[in-house]
Amino acid sequence: MKFIDIKNCYKVYKNGVTAIADLTLSIDKGEFVFVTGASGCGKSTFVKLLYREEKPTKGQVWVGGINVAKLYNSRVYKLRRKLGIVFQDFKLLPKLTVYENVSFGLENTGMKQKEIKPLVLKALERVGLKEKIRSFPNQLSGGEQQRVCIARAIVNDPKVLICDEPTGNLDPKTSKEIMKVIANINKEMGTTVITVTHDKEIVNSLKKRVITLDNGVLANDTMKGKYTADESN
Amino acid sequence: MKAIRIFFRNVGSALKSISRNLSLSMASIICTSITLLIVGIAFVLSANINGFTKDLESSLAIFVYVDKDATEEEIEAVKSKLLEIKNIKSDQIIYKSKAQLKDETLSNTDKNSALYTIVNSWTEENNPLKPEYLISVKEIEELASTAETIRKINKVDSVQYSEDVVDNMIPVFNVVEKVTWIIIIGLIVVTIFLICNTIRLTIFARKSEIEIMRLVGISNFVIKLPFVIEGLFLGLIGAIVPVTTIILGYIIAYDKMDHHLFTNLITMIEPMPFVIYVSLILVALGAVIGMIGSYGTVRKYLKI
């Protein structure tokens, strides 16, 4: 079994919309994968299935040996501790400093401060924000806020880094910088990276595996692929 | 150690939340205080009146008069029949013979009175007093029916008990007790509702924080904990005023009212350790109300 294994997966929402249909694919440990497709093609639902924000209607979703489809609500946190999640809108807590935002998760697991500190500093160093640990989110640029979000996602050394449109709110130059940070994490830490994006230029420049979804169906899956999604949809 | 660290982190977070939503927290605290104060007063009154009714009940006895011509065997047979009645306390049957009753009457009468002379002149044969059994019952509510059963026993001449007390006072006390408890339960429900509301607003205020907690893999228990602790604190803080009032109020009332409640018939329970027990009950009740209110809301609105 591969690290991420999806077999004949369907996701039909209560309003009748089929977001994912008969999806079968697998992702190896340490892979870097782009998930692309037109708006509403099921990209976000796909990643939500991976971190169990949504449950598949039918089929199997395995992540790091956990059957996500059969995971009880009370056990979801165990899956999420193996994952790091990065969002388009950063989801930082405005009243906490950069350091506190990154340490937030670890503190709530009951870890000691002296164990937390080196992990947080290392994560912030990796994203190039070590000098701004005392800043608050509103004192940072969009790119810097996304770096904080990435640092928070990698602080507990996750097996998989899921990035849902990480450059969606950023200008092209900053987007490139952010993708460089994410690519380095994949290379240096061996973390499996799954990035949902619309950014054709980024996908084409990095030459990684590209999974394209079309109306919830797997339309294309190529190694060292290019952006092929039809944006007209 | 891990659990202790998580607990203390959440205690801080709960206190912060109370101070952030101060006006709503105060509404919950005041409502809890009023409820607990009324519960406390009701409890103190009920405990004192209960003590009185228990005394009253234990003093309520049935006098069973046996035919004055009954033989020793017949008197003994009456006792056997009495022992067969379930509501009678079998170890509390007191028998007084005609001779014993005569002696008792003499000892309670002035030796120079005419009555003394008359009673003293009674012999074994012409003693008009009837031998009697003095019995106590287990369930005071069944006193009348028990008396009726006794009346039917062979050689029982008559049965007497304080019908006024049983028919009038005890039902009144029962109604007062029931009404008090209905009011208390109603107030507890209102307080739980208010605490639910406070916690619900806290959850909405911290929605993004909760979302991030869930995404970074924090267990549901740890996410829920600060809200339950907040409810616990609201209940405990709400107990401060009623506990102080009950302790001081009862001690002062005990002195000022000369150890009697409303009437000389009801002797008040000694303040120590009574007020301590009442206070502990109020604190526990405050904590339980707070936790039930917050846990219910957390379950409803967090859906995790």
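Parameters at a glance
Residues numbered from 1 in each chain as written. Chains lettered and ligands numbered in written order. Predicted model: local features only at pLDDT ≥ 70, side-chain atom pairs only at ≥ 80, totals over all residues. Heavy atoms only, no water. Pairing = 2+ DSSP bridges. Helix = DSSP H or I, 4+ residues; strand = E, 2+ residues; numbered from the N terminus. Patch = residues over 30% accessible without salt bridge, like charges linked within 9 Å, V, L, I, M, F, W, Y side chains within 5 Å. Areas by Shrake-Rupley, 256 points an atom, 1.4 Å probe, with all protein chains shown as cover. Salt bridge = Lys/Arg side-chain N within 4 Å of Asp/Glu carboxyl O. Polar contact = N/O pair within 3.5 Å; in protein donor to acceptor, adjacent residues only side chain to side chain. Contact = heavy atoms within 4.5 Å. Buried < 20%, exposed > 50% of the residue type's maximum accessible area, 1.4 Å probe, protein only. Core = buried A, V, L, I, M, F, W, Y, C linked by side-chain atoms within 4.5 Å. Axes fitted to C-alpha atoms, helices over the stretch in contact; angles between N-to-C directions. Parallel < 35°, antiparallel > 145°, perpendicular 65-115°, else oblique. Left-handed = near helix turned anticlockwise from the far one by under 90°. Nonpolar A, V, L, I, M, F, W, Y, C, P; charged D, E, K, R; others polar. Buried area = accessible area lost by both parts, 1.4 Å probe.

Focus on the pairing of strand β2 (residues 18–27) of chain A
Residue and element names in this part refer to chain A.
Reasoning step 1: The pairing of strand β1 (residues 4–12) with β2 spans six bridges and is antiparallel. Each bridged residue has a counterpart across the sheet, and for C9 the counterpart in β2 is L23.
Reasoning step 2: A loop of five residues connects β1 with β2, the two strands running antiparallel in sequence, and G16 in this loop sits at a positive phi of about 95 degrees.

Topic: a nonpolar patch on the surface
All names here are of chain B.
Reasoning step 1: Together, L22, M26, I30, I34, I38, V175, V179 and I183 give the surface a local cluster of nonpolar side chains, amounting to about 680 Å² of exposed area.
Reasoning step 2: Mapped onto the nonpolar patch, the elements with two or more residues apiece are α2 (22–59) and α7 (163–205).
Reasoning step 3: Ranked by residue count, the leading element in the nonpolar patch is α2, at five residues.
Reasoning step 4: With respect to the element layout, I34 can be found in helix α2.

Remarks on the side chain of T197 of chain A
Residue and element names in this part refer to chain A.
Reasoning step 1: With respect to the secondary-structure elements, T197 resides in the loop between β8 (192–196) and α7 (200–206).
Reasoning step 2: A polar atom in the side chain of T197 sits 2.9 Å from the backbone nitrogen of D199.
Reasoning step 3: Here T197 is in contact with F34, V35, T36, K43, E165, T167, V203 and Y227, once residues within four sequence places are set aside.

Things to note about helix α8 (residues 207–215) of chain B
Reasoning step 1: For α8 of chain B, the set of buried residues is E209, I210, I212, M213 and L215 of chain B.
Reasoning step 2: Immediately downstream of α8 of chain B, the backbone of G217 of chain B shows phi near 85 degrees, a positive value.

Description of the nonpolar core
Reasoning step 1: Among the nonpolar cores identified, the biggest contains 46 residues, and I199, I203, F227, Y250, L282 and L302 of chain B are the most heavily contacted of them.
Reasoning step 2: Those elements giving two or more residues to this core turn out to be α1 (2–20), α2, α7, α8, α9 (220–256) and α10 (271–302) of chain B.
Reasoning step 3: Looking at this core, the element that brings in the most residues is α9 of chain B, giving 12 residues.
Reasoning step 4: Among residues more than four places away in sequence, those in contact with I199 of chain B are F227, E230, G231, L234, S294, T297 and V298 of chain B.
Reasoning step 5: Core analysis: the second largest hydrophobic core is formed by 38 residues, F34, L106, A183 and V210 of chain A among them.

Observations concerning the packing of helix α3 (residues 98–107) of chain A against helix α4 (residues 113–126) of chain A
Residues and elements named next belong to chain A.
Reasoning step 1: Look at α3 against α4: their axes get within 10 Å of each other, and the N-to-C directions meet at 125 degrees. As judged from the angle between their axes, α3 and α4 are oblique. At the point where α3 passes α4, the crossing takes the right-handed sense. Contacts between α3 and α4 involve V98, Y99, V102, S103, L106 and E107 from the former and Q113, I116, K117, L119, V120, L121 and L124 from the latter.
Reasoning step 2: Among the residues making up the contact of α3 with α4, the classes are represented as nine nonpolar, two polar and two charged.

Observations regarding the interface of chain A and chain B
Reasoning step 1: Counting from both sides, the interface comprises 21 residues of chain A and, opposite them, 17 residues of chain B.
Reasoning step 2: A combined buried area of about 1900 Å² lies between chain A and chain B, and 58% of that area is made up of carbon and sulfur atoms.
Reasoning step 3: Contact with chain B buries area across many residues of chain A, yet R80, F104 and N108 of chain A alone supply 30% of it, more than any other trio.
Reasoning step 4: Between chain A and chain B we count one salt bridge in total.
Reasoning step 5: Residues E211 of chain B and K91 of chain A are paired through a salt bridge, measuring 3.1 Å at the closest nitrogen-oxygen approach.
Reasoning step 6: Taken together, the links from chain A to chain B amount to four residue pairs in polar contact (both at pLDDT 80 or more).
Reasoning step 7: Elements with a contribution of two residues or more to the side of chain A that touches chain B: α2 (76–80), β6 (83–87) and α3 of chain A.
Reasoning step 8: Looking at which element gives the most residues to the side of chain A that touches chain B, the answer is α3 of chain A, with three residues.
Reasoning step 9: Here the residues of the side of chain A that touches chain B sort into eight nonpolar, six polar and seven charged.

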